[in-house]
Every structure is written in structure tokens, then in C-alpha cells.
Amino acid sequence: AGPTAGSVFSCIGCNGPTMSSQPMIGLASEIARRLQSGMFLAESGTEHFSYWPRERVRVGATVVNLGRKSRSAKLRLVVRDQQGATCLEKIEILDVAAGKQARWTEMLQLSDDQPGVFNVAAELVIGGTVVDQVGHEFAVLDTRRPAKDEFITVHGNHFSLKGKKWFPVGVN
């Protein structure tokens, strides 16, 4: 609803004369080309950015078709651990009517021995070409009790970490 319903916006931040440079003109042209396709990942990834071990993680994507005709697209979603091992890989074909969106989700069960940082990446593919991609990290918290020397303490008038002076912003 409203005067901008069905519109797509893009913002390019630049500093000084770089807007007229060839790379920026190429970037703006690529954005315009992609906007004309009408198919985008409106959102994708995990529901939250941190989880406890053994927690179930909802991963998914919402694909929007702002074009004037129905289209099919391949959605590829991959979750990798910090060593690069694949924890989840799914490929789905989504048919999206003009002006509508399609949502796909999957649950990933974390094990109790997987603390660390994970990467989730989604790609939207039409006719063999990646037309949109979104990726982000999420963390699985480590529930082990920290060692005593891993805590920041106060000694006299300074902070200490592992027996050495610690400066949170560079000055105490």
C-alpha cells in the first residue's frame, strides 16, 4: 500500500568524485540490471545470530518476485562450520507468482560438541545465473567454564588479563 508499493530501492554510498568512476558506473549498471529481473532474496539465513549447543536452528529464505510474470528460481542454502565442513546443504526450486513471495525453511539440529562460528550462505539462481546472494555468520556458544585466567580482573589501578595489563580502548 502507499505510493511506493511494488517499488525497489537501492542506495550506493560513495565519497567524493568516485561516483563517476568506471567501477561505480559498472556497479550502478549491474544493480539496475538486477532490479529489472524482479526476483530477490528478501531475507535469508538463520533466525538468530547465536545459539546454545543442541539447539535447533531454523534456516531459510524468503524470495520475492516483483516482476510482472511468474518465475521459477533455484534456491541454494549452505551452512558450514568454521573448518569449512558442510553441516547442511539444500537446493529447492521455488515457483513465485508475480507480485508474491515464497518462503522456505529447514531445521538444523546442532550437536553438543559444535561451539564456534558458522557461515550460512544463500544463492538465488535463475537460468544458471546467480541473481542474488546473502550470507552471514552465526555462533554456537561454548558452555565450558572459562579458566580462571580468562577473566579480566582489577589489580591496583589497572585491568589485568592472564597476568598482564589489559587496556580495553587503549587507555586506562
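The structure contained in this document is the topic of the report that follows. Remember, it's a predicted structure, so these values are computed and weren't measured experimentally.

With that settled, consider the pattern of salt bridges. In the structure shown here, the tally under the stated rule is 6 salt bridges. The salt bridge partner of Arg103 is Glu43, with a shortest N-O separation of 3.8 Å. Of this pair, Arg103 sits in strand 6 (residues 101-109) while Glu43 sits in strand 1 (residues 39-46), and the two are 60 residues apart along the sequence. A salt bridge links Arg76 to Glu123; its shortest N-O distance comes to 3.9 Å.

Turning our eyes to something else, we now look at the sheet that holds strand 8 (residues 129-140). Spatially, 5 strands are ordered 2-8-7-4-5 in an open sheet, and the strand pairing comes out mixed. Each of the sheet's edge strands pairs with one partner strand only, and the pair in question is strand 2 (50-51) and strand 5 (86-96). Looking at chain direction, strand 2 and strand 8 are connected through 2 bridges and run parallel. Considered in strand 8, the bridge of Tyr51 is made with Val140.

So, on to the nonpolar core. Judged by nonpolar contacts, the single largest core of 26 residues is most densely connected at Leu77, Val79 and Phe138. Among the elements of the structure, strand 1, strand 3 (56-65), strand 4 (71-80), strand 5, strand 6, strand 7 (116-126) and strand 8 are those that each provide at least two residues to this core. Broken down by element, the residue count for this core peaks at 5 residues, all from strand 7.

On to unusual backbone geometry, then. The phi angle at Arg54 is positive, at roughly 70 degrees, despite the residue not being glycine. The phi torsion at Lys162 lies on the positive side, around 55 degrees, for a residue other than glycine. Tracing the backbone shows Lys162 in the loop between strand 10 (158-161) and strand 11 (164-166).

In this section: the sheet that holds strand 9 (residues 153-155). Spatially, 9-10-11 is the arrangement adopted by the 3 strands of the open sheet, whose pairing is antiparallel. The sheet terminates laterally at strand 9 and strand 11, the two strands that pair on one side only. With strand direction ignored, the average angle separating the axes of adjacent strands in the sheet is 55 degrees. When strand 10 meets strand 11, the two strands line up antiparallel, connected through 3 bridges. In the strand pairing of strand 11, Phe159 is matched with Trp166.

This part takes up the side chain of Ser44. Position of Ser44 among the secondary structure elements: in strand 1. On the basis of relative accessibility, which here comes to 16%, the residue Ser44 falls in the buried class. The contacts of Ser44, once residues within four sequence positions are left out, are Gly60, Ala61, Ala122, Val134 and His136.

What follows is about the environment of Ala122. Mapped onto the secondary structure, Ala122 falls in strand 7. Its relative accessible area of 2% is what places Ala122 among the buried residues. In this structure, the C-alpha to C-alpha distance between Ala122 and Val59, residues 63 residues apart in sequence, is 9.9 Å. Excluding its chain neighbours within four sequence positions, the residues that come into contact with Ala122 are Leu41, Ser44, Leu75, Arg76, Leu77, Asp132, Gln133 and Val134.

Parameters and conventions
Residues numbered from 1 in each chain as written. Predicted model: local features only at pLDDT ≥ 70, side-chain atom pairs only at ≥ 80, totals over all residues. Heavy atoms only, no water. Salt bridge = Lys/Arg side-chain N within 4 Å of Asp/Glu carboxyl O. Helix = DSSP H or I, 4+ residues; strand = E, 2+ residues; numbered from the N terminus. Pairing = 2+ DSSP bridges. Core = buried A, V, L, I, M, F, W, Y, C linked by side-chain atoms within 4.5 Å. Buried < 20%, exposed > 50% of the residue type's maximum accessible area, 1.4 Å probe, protein only. Axes fitted to C-alpha atoms, helices over the stretch in contact; angles between N-to-C directions. Contact = heavy atoms within 4.5 Å.

What is shown is where atoms sit, not what they do.
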